[in-house]
Amino acid sequence: MSGPIRDSDNDMSAGDTVTGNVEVRESRVATVGNLGVVRALPTKGRRTVGAWCLVDVMQPSDALEPDPMEIGPHPHIGLSTVTWLLEGEALHSDSLGTEQPLRPGQLNLMTSGRGIAHAELGTSPGVLGIQMWIAQPEETRHGDPAFEHHGDLPRKDLATGEAIVMVGSLGDATSPARTDTRLIGAELSLAKGEVTIQAEATFEYALIPVEGLLKVNESIVEPGYMGLIPTGTDELRIEAGDSGARAMLIGGEPLGEQVAMWWNFVARTKDELTSAWRDWDSGDTDRFPEFASILDRIEAPRPMWVSADD
Ligand code: MN
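The rules behind these values
- Residues numbered from 1 in each chain as written.
- Predicted model: local features only at pLDDT ≥ 70, side-chain atom pairs only at ≥ 80, totals over all residues.
- Heavy atoms only, no water.
- Salt bridge = Lys/Arg side-chain N within 4 Å of Asp/Glu carboxyl O.
- Buried < 20%, exposed > 50% of the residue type's maximum accessible area, 1.4 Å probe, protein only.
- Helix = DSSP H or I, 4+ residues; strand = E, 2+ residues; numbered from the N terminus.
- 1 Å grid on protein atoms, 1.4 Å probe; cavity = no way out; pocket = protein on both sides within 12 Å on 5 of 7 lines; lining within 4 Å.
- Points joined across faces, edges and corners; volume = space filled by probe spheres on them.
- Nonpolar A, V, L, I, M, F, W, Y, C, P; charged D, E, K, R; others polar.
- Donors = N, O, S within 2.8 Å, 3.2 Å for Na, K, Ca; no water.

Undergrad: I'm lost on the pattern of salt bridges in this one. Help?
TA: Charged atoms that come close allow side chains of opposite charge to pair. Across all of its chains, the model carries 18 salt bridges by this definition. Here Arg155 and Glu162 are joined by a salt bridge, their closest N and O atoms 2.9 Å apart. Since its relative accessible area comes to 27%, Glu162 is described here as partly exposed. A salt bridge links Arg268 to Glu257; the nearest nitrogen and oxygen atoms lie 2.8 Å apart. Remark: Glu257 occurs in the loop between strand S25 (245-252) and strand S26 (260-262) and Arg268 occurs in the loop between strand S27 (265-267) and helix H1 (270-281); sequence separation between them is 11 residues. By relative accessible area, which is 17% here, Arg268 ends up buried. For Glu257, a relative accessible area of 27% puts it in the partly exposed group.

Undergrad: How should the layout of surface pockets be read in this particular structure?
TA: To find leftover empty space, one rolls a probe the size of a water molecule over the atoms. Considering only enclosed or pocket space, the largest pocket measures out at about 590 Å³ in volume. In terms of lining residues, the largest pocket is bounded by 31 residues, among which Arg39, Leu54, Trp133, Trp263 and Asn264 are the most central. Contributions of two or more residues to the lining of the largest pocket are made by strand S3 (28-32), strand S4 (35-41), strand S5 (52-58), strand S6 (70-76), strand S11 (116-122), strand S12 (128-135) and S26. With 4 residues, S3 is the single largest residue contributor to the lining of the largest pocket. Of the residues contributing to the lining of the largest pocket, the split by class is 14 nonpolar, 10 polar and 7 charged. Estimated volume of the second largest pocket: approximately 300 Å³. Tallied by class, residues from the lining of the second largest pocket come to 9 nonpolar, 6 polar and 2 charged.

Undergrad: Any chance you could explain the coordination of the manganese ion here in plain terms?
TA: Taken together, His74 (NE2), His76 (NE2) and His118 (NE2) make up the full set of protein donors to the manganese ion, lying 2.1 Å away. Going along the chain, you hit the donors of the manganese ion in the pattern H-x1-H-x41-H. Taken together, the residues span a long stretch of sequence, with His74 in strand S6 and His118 in strand S11 at a distance of 44 residues. Comparing His74 with His118, the two get one shared label, buried.

This is how it looks when you write it as structure tokens:
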């Protein structure tokens, strides 16, 4: 049994287990706009994997005719959003004036720097996907906002399937997408059997199954759970069962900075979070310019540490 990845990782929940060097942590249910999601990261005692700081897996609706995905204009600071669809189509619009359709296998990467606002609208029924955030390092988090779309990402053949590399490199397959820190993000589509993926020893990793269960090294990881692998690993042994599996593999060099997260903001201090809340709440269009959207703007809740008379 390996030691904890960091001190706070002793803080585990009842559904969590450790086998070999893999910690398996249970995700929790959350709501984003009108969407039900399963939040793999952050989790209790664990805020980041590399610089990845949020992973939400959209859940299929129980409704016969589900509402389309509607996430109205809302702000971000200090992070890049990675929007990745598994099914359906969506339209991204933002305060840089971007309007970008997105389909499965394509990447929308929006980097907020000091401030951006955006909206996501499902343009087909049954949109399913994953929303991920990457915390920006100190060097870039106060910089200009930016947006990239990548419609043709590199694919890497694996013994039992294929990886689409969203960001970073997997072996000789390197994504053209911007990175502010050393990291990897890939979708794995695997048939039955075991594959060994070369790992970077300076990276920590997480494997998040979205369809089918997987074995990672000696640990079973089901959808609704995340398998965490610490730094110092040079290969990942990943095995899918009879029906195959689809999973997100994320990782990177540990961020080495303690992030403060609240609502849609990633910063380092509460004062920075409060200032971003005030700027959105007061409609500061220098920081968060207005843009056209058919959706209603999402109001920020008041941070619990800010009193109503402030
Ligand atoms: Mn967003």
